[in-house]
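Chain by chain, the residues:
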Amino acid sequence: PRAGATMGPPPRVALVLLLLLVAERMARGTFPEEPGPIAVAPPDYVKHYPVFVGHGSARPGGPEGGGTQRLNIQRILKVNRTLFIGDRDNVYRVSLEPSGAAEMRYHRKLTWRSNQHDISICRMKGKHEAECRNFVKVLLVRNESLLFVCGTNAFNPVCANYSMDTLEPVGDNISGMARCPYDPKHANVALFTGGMLFTATVTDFLAIDAVIYRSLGDSPTLRTVKHDSKWFKEPYFVHAVEWRSHVYFFFREIAMEFNYLEKVVVSRVARVCKNDMGGSQRVLEKQWTSFLKARLNCSVPGDSHFYFNVIQAVTDILELDGRPVVLAVFSTPTNSIPGSAVCAFDMTQVAAVFEGRFREQKSPESIWTPVPEDMVPKPRPGCCASPGMRYNSSSAFPDEILNFVKTHPLMDEAVPALGNAPWILRTMTRYQLRKIVVDNAAGPWGNHTVVFLGSSTGTVLKFLILPNATSSPTPAAPGSQSVFLEEFETYQPGRCGRDTEDERRLLGLELDKAAGSLLLAFPPCVARVPVARCQQHSGCMKNCLGSRDPYCGWTSEGSCTFLEPSPRVAFEQDIAGGSTSHLGECEGLVTESFVDEPDGLVSVNLLVISSVAAFVIGAVISGFSVCWFIGHRDRKELARRKDKETILAHSESVVSVSRLGERRARGALLAPLMPNGWPKELGKVTQHDLDSGVLPTPEQTPLQQKRCPGALQNCTWEQSHNIINAALRDPGGSGPAGAGRGHGG
């Protein structure tokens with residue numbers, strides 16, 4: 001900008017405040033405030049929890065456990081009062097009695113190593129020695145006496161049956177292909193029902209062919225269509241449940257219906273008929289004829305929904321308020337705002353979505369659209385054939401129906417969450433929730449529902465689900481259906497292993513209802529943690545009642561006690577909250593340490609407001625900086641020009657020159673004035689350039705300098721002076737030509 005130009009006014013303070021207010025209202029409208037836990041367990045409590053680190057009951061307790069190797073746990077399975085632990089090369093049988101033991105020890109141990117031949121082939125395929133081991137990835141109860149176990153077996157999976165009591169093998173080994181993954185890092189799920197094994201995993205060494213597979217039993221072996229992105233696109237399987245005539249699989253995958261948005265991960269539920277017999281010899285032979293899938297919608301409602309698309313864990317089917325419900329943990333993608341949510345899904349609503357419209361893509365370039373109802377063949381594709389129907393077996397379905405199922409596995413509608421909002425919401429935490437277990441008969445009378453959520457770092461969050469959460473007549477605000485009761489740590493670096501992210505990774509979470517404890521599996525250990533820490537409220541009735549914990553009660557003896565089912569002692573509770581205001585404060589006791597927790601939460605509202613404030617304030621400061629810099633530069637330029645004009649005026653009054661009168665200079669006047677390598681262009685001067693009217697008169701110069709004698713050809717002072725005078729007399733000269741003007745006397 002030119003000198004003296006005025007800049008526009010900077011942003012007003014009112015505008016900044018307005019932007020902050022709008023951002024705050026937007027954040028508040030989308031994400032409600034997330035209160036901290038009512039209680040936080042003291043960190044030293046974790047030192048007293050029993051752990052399993054691979055020691056046997058016959059070994060004396062030593063610091064190294066009799067030389068046992070470091071564990072690499074993959075799976076845990078609780079069967080009545082027994083815990084089975086699937087490790088690398090080993091399976092342990094641990095009794096859960098007595099519950100008060102200082103350390104958990106195994107009573108039976110199965111060692112199942114890969115043979116040298118399988119290890120050699122694994123190494124030849126480029127795998128490391130640590131990977132060429134037998135990692136136990138499937139632990140299932142096959143019947144009352146048999147345990148079904150599968151391991152990776154140095155990237156050549158194998159399965160076998162073992163006695164549940166003695167861990168002795170029963171029968172021969174069978175192939176683990178399509179029943180167990182090759183790589184221990186790959187996810188898999190498995191379920192036995194009706195003597196048939198339903199699995200979801202990958203079937204090849206490169207983990208390219210994902211499959212839902214049925215084997216064993218009397219029915220034929222079936223699988224999903226191979227290498228068809230409409231059926232699967234890089235799935236990650238999470239859980240499987242049986243309900244009525246179907247088996248439901250929960251997983252996440254890349255959504256092909258959103259391929260115009262590049263890679264979008266969504267959560268799915270798929271189902272297959274348990275009595276599916278496969279298709280005809282022409283279409284879907286030895287493949288599912290009932291496979292359908294739908295998207296799970298766990299999102300915060302609003303003008304623009306905020307989706308939790310990455311499913312992490314799912315419970316078995318629970319009965320809540322008389323409805324068959326599953327609770328699922330979802331998180332945001334790694335490149336999004338960190339957060340987790342728990343949504344509940346009614347299985348009747350899940351089944352209803354599979355009776356709705358199909359979705360299709362008519363061409364590879366077109367978007368996905370609903371299929372008109374008149375274009376759907378009859379009987380409805382994906383249904384279960386049964387005796388008494390027109391087609392009593394799926395293999396008898398017409399090719400039209402089988403082809404439709406093969407090309408239209410996706411449903412148009414998404415499965416809505418109960419209440420159309422998450423029951424539990426945690427955002428901006430330094431960890432994400434990974435596992436879930438639910439006690440739907442918590443408390444002394446079994447009339448409360450408590451949810452335990454395991455985080456990626458081993459921290460457990462305990463929530464109370466409010467009554468009638470499944471039957472709320474109006475849409476509830478996100479998170480309003482639960483109360484954050486407690487937060488506590490479970491991983492013990494000193495006893496389990498190193499305090500690293502990998503070894504703190506939570507692999508499994510089980511509820512031991514009979515003992516009132518949780519069982520948590522980490523790679524180096526299994527920890528046993530009580531579901532409540534009522535003793536931290538002892539001596540303070542207000543804290544005990546204010547904890548709202550269904551497992552705790554204030555007894556007549558004046559202590560806060562863990563309540564066994566159907567207690568015979570009198571006790572007080574305040575699960576609903578609000579009846580402790582009349583009680584006095586407790587001295588020296590703090591029940592909330594939300595501010596001091598190591599993984600402190602940051603409100604999304606605060607994050608949004610801070611981001612907008614930083615942007616606006618940065619813009620204001622940048623504007624002021626630019627204005628100051630430009631103004632400062634213009635002032636310096638103006639001052640420099642004034643200084644130059646002053647110097648020029650002063651030089652004209654002191655430099656001695658001679659008036660040339662009316663005589664015109666010749667073009668070669670300055671030809672001999674080329675000392676010290678000056679460019680010859682300086683000598684190109686015209687008669688107009690040497691107009692005598694622009695030169696000073698002798699009266700203006702009191703003394704004329706003496707000229708050099710004619711005999712001296714090199715008078716450096718006079719020649720240089722003449723050149724300087726000519727340059728200073730040119731008011732518009734700004735280049736080499738202007739610098740070469742001069743005169744002769």
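Residues numbered from 1 in each chain as written. Predicted model: local features only at pLDDT ≥ 70, side-chain atom pairs only at ≥ 80, totals over all residues. Heavy atoms only, no water.

> I'd like to hear about the overall build of the protein, residue by residue, with values.
Regarding its fold elements, the protein presents eight helices and 38 strands. Each of the 745 residues in the protein was classed as buried or not, and the buried ones make up 50%. For the protein, long-range pairs separated by at least 24 residues make up 58% of all intrachain contacts whose partners lie at least 6 apart in sequence. On the protein, roughly 37,000 Å² of surface is accessible, and the fraction owed to carbon and sulfur atoms is 54%. (Helix = DSSP H or I, 4+ residues; strand = E, 2+ residues; numbered from the N terminus. Buried < 20%, exposed > 50% of the residue type's maximum accessible area, 1.4 Å probe, protein only. Contact = heavy atoms within 4.5 Å. Areas by Shrake-Rupley, 256 points an atom, 1.4 Å probe, with all protein chains shown as cover.)

> Give a detailed account of the sheet that holds strand E5 (residues 90-95), specifying residues and quantitative values.
Reading across from one edge, E3-E4-E5-E6 is the order of the four strands in this open sheet, with antiparallel pairing throughout. What marks the edges here is a single partner per strand, and that holds for strand E3 (75-79) and strand E6 (106-111). Within the sheet, the average angular offset between the axes of one strand and its neighbour, ignoring direction, is 15 degrees. (Pairing = 2+ DSSP bridges. Axes fitted to C-alpha atoms, helices over the stretch in contact; angles between N-to-C directions.)

> How would you summarise the nonpolar core if you had to cite specific residues and measurements?
Generally speaking, soluble globular proteins have nonpolar side chains that are buried together. Phe452, Leu518, Leu520, Phe522, Val531 and Tyr551 are the most contacted members of the largest nonpolar core, which has 38 residues in total. Taken domain by domain, the makeup of this core includes at least three residues from each of domain 1 (34-57 + 437-531) and domain 3 (534-572). Counting residues in each nonpolar core, the second largest holds 34 residues, with Phe306, Phe330, Ala351 and Phe358 among its members. (Core = buried A, V, L, I, M, F, W, Y, C linked by side-chain atoms within 4.5 Å. Domains from an automatic or database assignment.)

> Pulling in residues and values, what's your account of the sheet that holds strand E31 (residues 460-465)?
Sheet architecture is open: five strands sit in the order E1-E32-E31-E30-E29, paired in mixed fashion. Unpaired on one side and paired on the other, strand E1 (39-40) and strand E29 (433-442) mark the two borders of the sheet. Looking at chain direction, E31 and strand E32 (residues 482-488) are connected through six bridges and run antiparallel. The residue bridging Lys462 from the neighbouring strand is Glu486, located in E32.

> Can you tell me about the state of the cysteines, naming the residues and giving the values?
Enumeration over the complete set of coordinates arrives at seven disulfides. Residue pairing for Cys122: its cysteine sulfur links by disulfide to Cys132, the two sulfurs lying 2.0 Å apart. Its torsion about the S-S bond being -80 degrees, the disulfide of Cys122 and Cys132 is classed as left-handed. Here Cys132 lies in the loop between helix H2 (116-124) and strand E7 (136-141) and Cys122 lies in helix H2, a separation of ten residues in the sequence. For the residue pair Cys122 and Cys132, the accessibility class agrees, reading buried in each case. Not engaged in a disulfide, the cysteine Cys180 finds its nearest cysteine sulfur in Cys150; these two sulfurs lie 5.5 Å apart. Between Cys383, a free cysteine, and Cys384, which holds the nearest cysteine sulfur, the sulfur-to-sulfur gap is 7.0 Å. (Disulfide = S-S within 2.5 Å.)

> How would you summarise the side chain of Thr203 if you had to cite specific residues and measurements?
Relative to the helices and strands, Thr203 resides in the loop between strand E12 (196-202) and strand E13 (210-215). On the basis of relative accessibility, which here comes to 11%, the residue Thr203 falls in the buried class. Within the structure, the side chain of Thr203 is placed 2.6 Å from the side chain of Asp209, a separation counted as a polar contact. Apart from residues no more than four positions distant in its own chain, Thr203 is found in contact with Met177, Ala178, Tyr182, Asp209, Val211 and Arg223. (Polar contact = N/O pair within 3.5 Å; in protein donor to acceptor, adjacent residues only side chain to side chain.)

> Now, about the pattern of salt bridges: what can you tell me, with residues and values included?
Summed over the entire model, instances satisfying the criterion amount to 30 salt bridges. In this structure, the salt-bridge partner of Arg70 is Glu503, at a minimum N-O distance of 2.8 Å. With Arg70 in the loop between strand E2 (51-52) and E3 and Glu503 in the loop between E32 and strand E33 (508-512), this residue pair connects regions lying 433 residues apart in the sequence. The buried category is assigned to Glu503, whose relative accessible area is 7%. Here Lys293 ties to Glu253 by a salt bridge, and the two come within 2.7 Å at their closest N and O atoms. (Salt bridge = Lys/Arg side-chain N within 4 Å of Asp/Glu carboxyl O.)

> Mind laying out helix H4 (residues 399-407), listing which residues take part and the relevant values?
Among all positions in H4, only Ile401, Leu402, Phe404 and Val405 are buried. The arc that holds every buried residue of H4, seen down its axis, measures 160 degrees, which confines them to one face. (Arc of directions from axis to C-beta.)

> Go over the packing of aromatic side chains, please, and point to the residues and values.
A full pass over the atoms with the stated rule returns 22 aromatic pairs. Relative to Phe345, the ring of Phe330 lies with its centre 6.0 Å away and its plane at 65 degrees, an arrangement referred to as edge-to-face. Taken as a pair, Phe330 in strand E23 (residues 323-331) and Phe345 in strand E24 (residues 339-346) lie far apart in primary sequence, 15 residues in all. The burial state of Phe330 is the same as that of Phe345; both residues are buried. Note on Tyr551 and Phe562: the rings are 6.0 Å apart at their centroids and 10 degrees apart in plane angle, and the pair reads as stacked. Residue Tyr551 is found in the loop between helix H5 (541-546) and strand E36 (552-555), and its partner Phe562 is found in strand E37 (residues 560-562); the two are separated by eleven residues along the sequence. Geometry around Phe205 places Lys125 over its ring, the cationic atom sitting 4.8 Å from the centre. Residue placement shows Arg533 over the ring face of Phe488; its charged tip is 3.7 Å from the ring centre. (Phe/Tyr/Trp six-rings, centres within 6.5 Å; stacked < 30°, edge-to-face > 60°. Lys NZ or Arg CZ within 6 Å of the ring centre and 35° of its normal.)

> I'd like a rundown of the pairing of strand E4 (residues 82-86), residues and numbers included.
Burial analysis of E4 places five of its five residues in the buried class, which makes it a mostly covered element. Here E4 shows no split at all, with Thr82, Phe84 and Gly86 on one side and Leu83 and Ile85 on the other all buried. Across five bridges, E3 lies against E4 in antiparallel orientation. Note on E4: the bridge partner recorded for Lys78 is Leu83. Between E3 and E4, which pair antiparallel in sequence order, lie two residues; one of them, Asn80, sits at a positive phi of approximately 55 degrees. Note that E4 and E5 share five bridges and pair antiparallel. Looking at E5, one finds that Phe84 is bridged to Arg93. In this antiparallel pair of consecutive strands, E4 and E5, the connection spans three residues, and Asp89 shows a positive phi of 70 degrees.

> Describe the confidence of the model for the protein, naming the residues involved and giving the relevant values.
The predicted model of the protein averages 81 in pLDDT, with 74% of residues at 70 or higher. A low-confidence stretch, residues 647-718 (pLDDT under 50), is modelled with 79 contacts involving residues beyond four sequence positions or located in other chains. For residues 731-745, every residue scores under 50 in pLDDT, and the model assigns this stretch 38 contacts once sequence neighbours within four places are set aside. (pLDDT = per-residue confidence, 0-100.)

> If you had to explain a nonpolar patch on the surface to someone new, which residues and values would you point to?
The grouping of Tyr260, Leu261 and Ile367 at the surface amounts to a nonpolar patch, some 350 Å² of accessible area in total. The topology assignment puts Leu261 in the loop between strand E16 (246-254) and strand E17 (265-273). (Patch = residues over 30% accessible without salt bridge, like charges linked within 9 Å, V, L, I, M, F, W, Y side chains within 5 Å.)

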